[in-house]
Amino acid sequence: MQQVYLKKMTKQDVTKSVTVCTESIERFWGVSRQNTQDYMSIRICSENNLQYFPNDITIHKGYNGEKDWRITGSEFKSLYKDSNAQEGDIMCIKKVKSTFILSIIKKDSTAYSVLSPFFKDNYLIIDIEKESDASLQAENTYSNQSNLSLLTAMRTKPFLLLAGISGTGKSRIVKKMAFDSCPNIVGLREDSTSPGNYKLIEVKPNWHDSSELLGYESQINGAHYVVTPFIQFLVKAMKYKQVPFFVCMDEMNLAPVEQYFAEFLSVLESRTLEKGEITSEPLIPASIFKKYEKTLKKEIFGRKVDEANMNSPYVNATQDISTEYSCSIEEDIYELLKEKGLRLPSNLIVIGTVNMDETTHQFSRKVIDRAMTIEMNIKDSDEPFKEFFEGESKLCYLETPIALKEFKPSVVSASKALSELEGKKANVNIIKNQVPTLLNELNQALNGTPFKIAYRVQNELVVYIYNLYLQDKTKRIEDLIPIAIDDILMLKVLPRIEGDEDMLELPLKELAKFVSPYEKSKKKVEEMQERLTRAHFTSFWP
């Protein structure tokens, strides 16, 4: 069990010394009531710098008979100086064994709005379950046959394509992630066969524009806006901000993706980090929600807003911390839609399943360039078929769900990733020196083809390196770059390449030289070369 101490900061906390409530002294700070001392030294650091511990920080009884205790030390305020703490902000202190980690939650943040209703006084102590075994094993659980991690890919970009022959479990793994991350709160676990944070969208061959996903204006039976399940699911994701929401676009290339998914692909590239939250340009403009307010409320929420009557999902403070969903929350969401339109929720992950055969459409480079493509074929051995007889585990809810942070991107730009790495004392100069050289060599190998890469791949490569570092901070950046290059080649570069002997014979030979240090990519390029020799045409796809 991990404990967190939360305190709404007073003017005195900001300008002088920070007070802590007497009730927390033994329960959280570990000062025994039998302790005759009036003070205790504490080991505390900032969440922004886990290496620096001021050596003079103490917690002691208040002055002149004050009831509350105080935290003092000449360098204590330096731990949150960069956060520009103000009166009303929440000071968050996590207890990890005998160490305390401090951060500041600003009043204008999403976390503040979520936590604020739980304060009865100006402090709160929360007991949090330790990260589940499922979370610790997630990197291995959600991988393909080449050990490409779905989690690292989606933390880099929340739009994945799972490609492979039919029947390899592509749709199932998306549903499993939803089951594994779905918390036991109202509105999400009502169906034992499908979690509330999962939506299967079955793509139809006759989709040639976005109306099947994003709806449309209609004059039939009166002017109104036709709402789709996709829209309802995105709005639902806005209600449950602390839960990952998964859209599975099943058989995504039965129709031309660049046609019916054009708006999504464009908006996906507009994502930016603002006040700690990732946001985007609108998929549906605010004017639509203003124009059709009377009918859209009912359509979006599935009922009249004033009929909503959802109880608080919390039984005690150890459960998942999220918003108390009620009529007022839905009203707030609709006001936000009228103000800013429907944008991509930061907790949304879209995953398309893909079969490449004569019944499906090829992906344009526009789509491949904006997605993370993962091959999901089975291994070339009898092992997978033997494992089939051992029985597949049943999809079910976990007692301790996997947290949103395991799935959700934390940065979207290379500049922010480099800034975060600098803050963690990582050597970013190695990235700045090696990555441009490697990408230039890659483009040289692709000379004479339309498959050269540009800034988008460079941006996502740097973000991918950052995510690899977060998974294991003991590894050196120079050791992570080759891993990231190999993975990005498989995720974003090689899926773009297709053509006949005239176009690809020489470029593939040069590419084979470039990928020789990278195990996964080397094997794939050799496979593509063999196919070119045999069929006089080749592509990434089998």
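These numbers were taken from a predicted model, which means no experiment stands behind them.

Cut-offs used in this document
- Residues numbered from 1 in each chain as written.
- Predicted model: local features only at pLDDT ≥ 70, side-chain atom pairs only at ≥ 80, totals over all residues.
- Heavy atoms only, no water.
- Pairing = 2+ DSSP bridges.
- Helix = DSSP H or I, 4+ residues; strand = E, 2+ residues; numbered from the N terminus.
- Axes fitted to C-alpha atoms, helices over the stretch in contact; angles between N-to-C directions.
- Buried < 20%, exposed > 50% of the residue type's maximum accessible area, 1.4 Å probe, protein only.
- pLDDT = per-residue confidence, 0-100.
- Contact = heavy atoms within 4.5 Å.
- Parallel < 35°, antiparallel > 145°, perpendicular 65-115°, else oblique.
- Left-handed = near helix turned anticlockwise from the far one by under 90°.
- Nonpolar A, V, L, I, M, F, W, Y, C, P; charged D, E, K, R; others polar.
- Salt bridge = Lys/Arg side-chain N within 4 Å of Asp/Glu carboxyl O.

### What about the sheet that holds strand β14 (residues 245–250)?
Strand order in the open sheet formed by five strands is β11-β14-β17-β10-β18, with parallel pairing between adjacent strands. The sheet is open, and its two edges are formed by β11 (198–202) and β18 (372–375), each paired on a single side. On average, each strand axis in the sheet is inclined to that of its neighbour by 20 degrees, with strand direction left out of account. Across five bridges, the pairing between β11 and β14 is parallel. By the bridge assignment, Tyr 198 is partnered in β14 with Phe 246.

### What to know about the environment of Tyr 334
Following the sequence through the fold, Tyr 334 ends up in helix α14 (residues 327–340). Overall, Tyr 334 belongs to the buried group, its relative accessible area being 0%. Spatially, the C-alpha atoms of Tyr 334 and Glu 293 are 8.6 Å apart, while their sequence positions differ by 41 residues.

### A word on the confidence of the model for the protein chain
On average, residues of the protein chain score 85 in pLDDT, and 86% of them are at 70 or above. Predicted confidence for residues 130–136 stays below pLDDT 50, and this span has twelve contacts to residues more than four positions away or in other chains. Taken together, the stretch residues 304–326 has pLDDT below 50 and engages in 52 contacts with residues farther than four places along the chain or on a different chain.

### Some thoughts on the packing of helix α17 (residues 414–423) against helix α19 (residues 455–471)
To characterise two packed helices, one gives the angle between the axes of the helices and the distance between these axes. Between α17 and α19, the shortest axis-to-axis distance is 8 Å and the interhelical angle comes to 30 degrees. Taken together, the axes of α17 and α19 lie roughly parallel to each other. In terms of crossing hand, the pair formed by α17 and α19 is left-handed. Seen from α17, the contacting residues are Ala 414, Ala 417, Leu 418, Glu 420 and Leu 421; seen from α19, they are Asn 459, Val 462, Val 463, Tyr 466 and Tyr 469. Residue composition of the contact of α17 with α19, by class: eight nonpolar, one polar and one charged.

### Notes on the pattern of salt bridges
Side chains that differ in sign of charge can pair as their charged atoms come close. Applying the stated criterion to the full structure yields 29 salt bridges. One salt bridge in this structure joins Glu 406 and Arg 155, with 3.8 Å as the shortest N-O distance. Of this pair, Glu 406 sits in the loop between α16 (383–388) and α17 while Arg 155 sits in helix α6 (residues 150–156); the two residues are 251 residues apart in sequence, bridging distant segments of the chain. Here Glu 293 makes a salt bridge to Lys 338, at a shortest N to O gap of 3.2 Å. Placement of the pair is Glu 293 in helix α13 (residues 293–301) and Lys 338 in helix α14, with a sequence separation of 45 residues. Connected through shared salt-bridge partners, Lys 157, Glu 269, Asp 369, Arg 456, Glu 460, Lys 492 and Arg 496 make up one network.

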